[in-house]
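Descriptive analysis of the structure
Next come the chains, spelled out residue by residue.
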Amino acid sequence: MSKASKINPVRGPVQLEVMEPVARFSLRVGKQGRQQLGQALGLELPERIGMRSSQGGREALCLGPDEWVVLAPEAERETLFTAALEAYAEVPHSLAEISDREITLRLEGERATDLLTIACPRNLELMPPGSGRRTVMGGIQVVLWRDGQDAYRLDVWRSFFDYIHSLLETGNREFAAEAQLESQSA
Amino acid sequence: MLLIHCPYCDEDLPELEFTYAGEAHIDRPADPASLDDEAWRNYLFIRSNVKGPHYERWRHNHGCARFFNAVRDTVSDRFLTTYRVGEPRPDLESLIGKEGRE
């Protein structure tokens with residue numbers, strides 16, 4: 001676990017939660033193999049960039065024209081690997097495990113979108129709930145999952161995690177201070 | 001902030017997600033060994049350095065990670081169009097005409 005995750009939780013309007021580890025895979029496969037490989041892995045691989053699918057605890061997000069990130073419970077790591085390996089002869093592809101590369105931070109709360117905009121240049125209104133994107137956050141490449149109107153998951157590379165986490169905690173504290181000032185002046 | 005249209009994502013996205021990758025439509029010589037030094041140098045280093053609309057490569061590296069081509073006016077920094085790799089070079093006159101009508 002990283003250092004920042006041991007910091008006392010901030011009492012801001014947005015809940016920041018460090019998620020438990022999951023098995024992550026970076027998947028590259030050509031157009032022709034998309035559907036067949038999806039069947040082998042037990043979930044649909046969405047065709048459009050930013051679209052997601054999930055089935056039985058596994059999740060896939062389309063990052064590029066031939067690139068997906070696949071998440072699975074840690075216990076299913078081997079199963080997924082074996083399934084891909086068995087399909088390899090028919091559907092050539094690349095499946096690289098990246099489980100340890102990233103740590104996921106979950107954000108939830110009415111001002112979650114506002115909090116992300118302190119560091120993310122994307123227009124998040126154009127990212128509907130149920131989608132996800134690879135983008136930048138504070139100059140760092142991240143994968144952003146929008147789970148609901150006010151709920152997000154942020155996959156951050158391990159070595160940048162403390163930086164992003166503390167950046168968001170600072171923003172969250174500022175929201176809390178802002179609210180306090182408003183209530184005092186009212 | 002500059003918004004750049006990624007032809008793969010089909011969205012207008014902030015320039016922070018993109019990087020510039022040099023002039024576009026430069027073909028690698030089919031048989032480099034047969035070139036003399038001058039011709040090889042020209043292929044490697046000599047670029048057109050246009051003032052005005054410029055055909056160039058960009059990469060959406062913090063997004064879909066794809067290279068694509070763009071026509072950008074180097075004076076105004078305005079993107080006239082972006083298109084996928086492998087598509088033919090768009091006709092400049094029609095682009096400038098389109099730009100003029102906007």
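Worth saying up front: this structure is predicted, and the values here are computed from it rather than measured.

With that settled, the discussion passes to the overall build of chain B. Of regular secondary structure, chain B possesses two helices and six strands. The N-to-C order of helical and strand elements in chain B reads β-β-β-α-β-β-β-α. C-alpha extents for chain B along the principal axes are approximately 45 × 30 × 20 Å.

Next up on the list: the nonpolar core. Residue and element names in this part refer to chain A. Ranked by internal contacts, the top residues of the largest apolar core, which has 52 residues, are Trp68, Val70, Leu107 and Leu154. Two domains each provide a minimum of three residues to this core, namely domain 1 (1-21 + 101-186) and domain 2 (22-99). When neighbours within four sequence positions are excluded, Leu154 is seen to be in contact with Thr104, Leu105, Leu107, Met137, Val142 and Leu144.

Taken together, the 12 residues of chain A in the interface contact 13 residues of chain B. Taken together, the elements giving at least two residues each to the side of chain A that touches chain B come down to strand S4 (58-64) and strand S8 (131-137) of chain A. Per-element tally for the side of chain A that touches chain B: the top contributor is S8(A), with three residues. Across the side of chain A that touches chain B, the residue classes break down as six nonpolar, three polar and three charged.

In this section: the confidence of the model for chain B. Overall, the predicted model of chain B reaches an average pLDDT of 92, with 95% of residues at or above 70. Model confidence for the complex is summarised by a pTM of 0.89, with the ipTM given as 0.86.

All names here are of chain B. With antiparallel pairing, the four strands of this open sheet are ordered in space as S3-S4-S5-S6. The sheet terminates laterally at strand S3 (19-23) and strand S6 (79-84), the two strands that pair on one side only. On average, each strand axis in the sheet is tilted by 35 degrees relative to the strand beside it, whichever way the strands run. In this sheet, strand S5 (residues 67-73) lies alongside strand S4 (residues 53-59) in antiparallel orientation, the contact comprising seven bridges.

It is worth spelling out the pairing of S8(A) at this point. Residue and element names in this part refer to chain A. Of all seven residues making up S8, five are buried, and the element is well covered by its neighbours. Across seven bridges, the pairing between S8 and strand S9 (residues 140-148) is antiparallel. Looking across to S9, one finds that Arg134 is bridged to Val143. With antiparallel pairing between neighbouring strands as the criterion, S8 and S9 make up a hairpin whose turn holds two residues, including Gly138 at a positive phi of roughly 55 degrees.

Residue and element names in this part refer to chain A. In space, the five strands of this open sheet follow the order S1-S7-S10-S9-S8, with antiparallel pairing throughout. Since the sheet does not close on itself, it has two edges, and those belong to strand S1 (15-18) and S8, each with one partner. The average angle at which neighbouring strand axes cross in this sheet is 25 degrees, direction not considered. Bridge count between strand S7 (residues 102-108) and strand S10 (residues 151-157): seven bridges; the pairing is antiparallel. Looking across to S10, one finds that Thr104 is bridged to Asp155. Lying on the sheet, helix H4 (residues 161-185) is in contact with S1, S7, S8, S9 and S10; it crosses S1 at an angle near 160 degrees.

This part covers unusual backbone geometry. All names here are of chain B. Even without a glycine there, the phi angle at His25 is positive, about 60 degrees. Tracing the chain through its elements places His25 in the loop between S3 and helix H1 (37-45). Within the chain, Ala65 stands out as a residue other than glycine whose phi angle is a positive 70 degrees. In this structure, Ala65 sits in the loop between S4 and S5.

Our next topic: the domain arrangement of chain A. Residue and element names in this part refer to chain A. By domain assignment, chain A separates into domain 1 (1-21 + 101-186) and domain 2 (22-99). Once you take the C-alpha centre of each, domain 1 and domain 2 turn out to be 26 Å apart. Taken together, the 10 residues of domain 1 in the interface contact 11 residues of domain 2. Residue assignment for the side of domain 1 that touches domain 2 shows that the elements contributing at least two residues are S8 and S9.

Turning next to the environment of A:Arg34. Residues and elements named next belong to chain A. By secondary structure assignment, the location of Arg34 is in helix H1 (residues 34-41). In this structure, the C-alpha to C-alpha distance between Arg34 and Asn123, residues 89 residues apart in sequence, is 29 Å. Those residues in contact with Arg34 that lie beyond four places of it in its chain are Val29, Leu45 and Glu47.

Here we take up H1(A). Because the α-helix completes a turn every 3.6 residues, residues three or four places apart line up on one side. Residue and element names in this part refer to chain A. Of the residues making up H1, those classed as buried are Arg34, Leu37, Gly38 and Leu41. Mapping the buried residues of H1 onto a view down its axis gives an arc of 105 degrees, with all of them on the same face. Backbone geometry just after H1 places Gly42 at a positive phi near 80 degrees.

Scoring rules and cut-offs
- Residues numbered from 1 in each chain as written.
- Chains lettered and ligands numbered in written order.
- Predicted model: local features only at pLDDT ≥ 70, side-chain atom pairs only at ≥ 80, totals over all residues.
- Helix = DSSP H or I, 4+ residues; strand = E, 2+ residues; numbered from the N terminus.
- Core = buried A, V, L, I, M, F, W, Y, C linked by C-beta atoms within 7 Å.
- Buried ≥ 20, exposed ≤ 12 C-beta atoms within 10 Å, placed from the backbone.
- Domains from an automatic or database assignment.
- Contact = placed C-beta atoms within 7 Å.
- Nonpolar A, V, L, I, M, F, W, Y, C, P; charged D, E, K, R; others polar.
- pLDDT = per-residue confidence, 0-100.
- Pairing = 2+ DSSP bridges.
- Axes fitted to C-alpha atoms, helices over the stretch in contact; angles between N-to-C directions.
- Arc of directions from axis to C-beta.

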